[in-house]
Amino acid sequence: MNQTDLIILTVYLISITYVIYQAINSLEAQTIIKFEKGALTQVLSEETIADQPLSQFLDINFSFKGRYGFSSQPATITGVIANKSATATIAIDWDSSSITNFAGKVRRVIHLIPDLTPDSLSEPQIKSTIPPGRSLQATLAPEDLVKPNDDRTTLVAKGAIVDLGQVEKADAGRFALFNEREANLQFTLRLLFQIINIADGAKREYWAYVPCLFTIEKASLMEYFPWLPD
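Residues numbered from 1 in each chain as written. Predicted model: local features only at pLDDT ≥ 70, side-chain atom pairs only at ≥ 80, totals over all residues. Heavy atoms only, no water.

J.: It is not clear to me how the side chain of glutamine 125 should be interpreted in this structure. Could you clarify?
T.: By the secondary structure assignment, glutamine 125 is in the loop between strand 8 (106–111) and strand 9 (128–130). Classification of glutamine 125 by relative accessible area gives buried; the value is 18%. Separated by 2.7 Å, the side chain of glutamine 125 and the backbone oxygen of valine 109 make a polar contact. Within polar-contact distance, the side chain of glutamine 125 engages the backbone nitrogen of histidine 111 at 2.9 Å. If we ignore the near neighbours within four places in the chain, the residues touching glutamine 125 are Trp94, Asp95, Arg108, Val109, Ile110 and His111. (Helix = DSSP H or I, 4+ residues; strand = E, 2+ residues; numbered from the N terminus. Buried < 20%, exposed > 50% of the residue type's maximum accessible area, 1.4 Å probe, protein only. Polar contact = N/O pair within 3.5 Å; in protein donor to acceptor, adjacent residues only side chain to side chain. Contact = heavy atoms within 4.5 Å.)

Take a look at the structure:
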């Protein structure tokens, strides 16, 4: 390789490095949100009603898309709640359920259903009943994010369950650790279940609070460029 070839190669490598650097800088930071299913499984196995673990009655799953931009965090969570029992009827008391923000502030949960109107927020929510062996798909949001749509006929969720801009303003140290991927953020959905008719002829009803924990992680550069070191 002569001197001219070496110069051309050097310029080429510098150009490639610059392009990659600019590409990385142009990317909006993103997050991954995880439902801590393992933590829920432990709760359901340890908590009992009528001498039976809650895992015999309930199964809960929430899902999220792959990644979210820092400025486009989700306003809702969607999940499936299953009644695993052959006899028991399970009801979810939405008004007694809650969801936290990044600092643990408790917020009322709104169960988003098609016929919600702006007046609905001032009224008690109807419990959702799940018959034996059936499941319910539910979309939930904190009350403070639920607003009338443009024509003010229905309600929609706008904003973020965990607003990263608010995190940065309220707790710069915590946000810095999160931004450097040295710590994660978490929020919790706490659902109140009413369980009746555990056995044929049984009249007693049982109540159980079930916490669902969610973790927000800053996505690694490996998510964008798998060939780069993490």
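J.: Would you take a moment to explain the pairing of strand 8 for this structure?
T.: The pairing of strand 7 (residues 89–100) with strand 8 spans three bridges and is antiparallel. Bridge pairing in strand 8 places threonine 100 opposite valine 106. Between the end of strand 7 and the start of strand 8, which pair antiparallel, lie five residues, with glycine 104 showing a positive phi angle near 85°. (Pairing = 2+ DSSP bridges.)

J.: What is the right way to read the pattern of salt bridges from this model?
T.: Any two side chains of opposite charge can pair, on the condition that their charged atoms come close. Summed over the entire model, instances satisfying the criterion amount to six salt bridges. Note that arginine 108 and glutamate 143 form a salt bridge whose closest N and O atoms lie 2.9 Å from each other. Of this pair, arginine 108 sits in strand 8 while glutamate 143 is found in the loop between strand 10 (135–142) and strand 11 (146–148), placing the two residues 35 residues apart along the sequence. A salt bridge links arginine 174 to aspartate 171, with the shortest nitrogen-to-oxygen separation between them at 3.6 Å. Residues joined in a network through salt bridges with shared partners are Asp95, Arg108 and Glu143. (Salt bridge = Lys/Arg side-chain N within 4 Å of Asp/Glu carboxyl O.)

J.: Help me understand the pairing of strand 1 (residues 30–35) in this model?
T.: Burial analysis of strand 1 places five of its six residues in the buried class, the great majority of the element. Note: strand 1 against strand 5 (residues 68–69), two bridges, orientation antiparallel. Looking at the pairing, glutamine 30 lines up with glycine 69 of strand 5. In this structure, strand 1 lies alongside strand 14 (residues 205–218), joined through five bridges in antiparallel fashion. In the strand pairing of strand 14, isoleucine 33 is matched with isoleucine 216.

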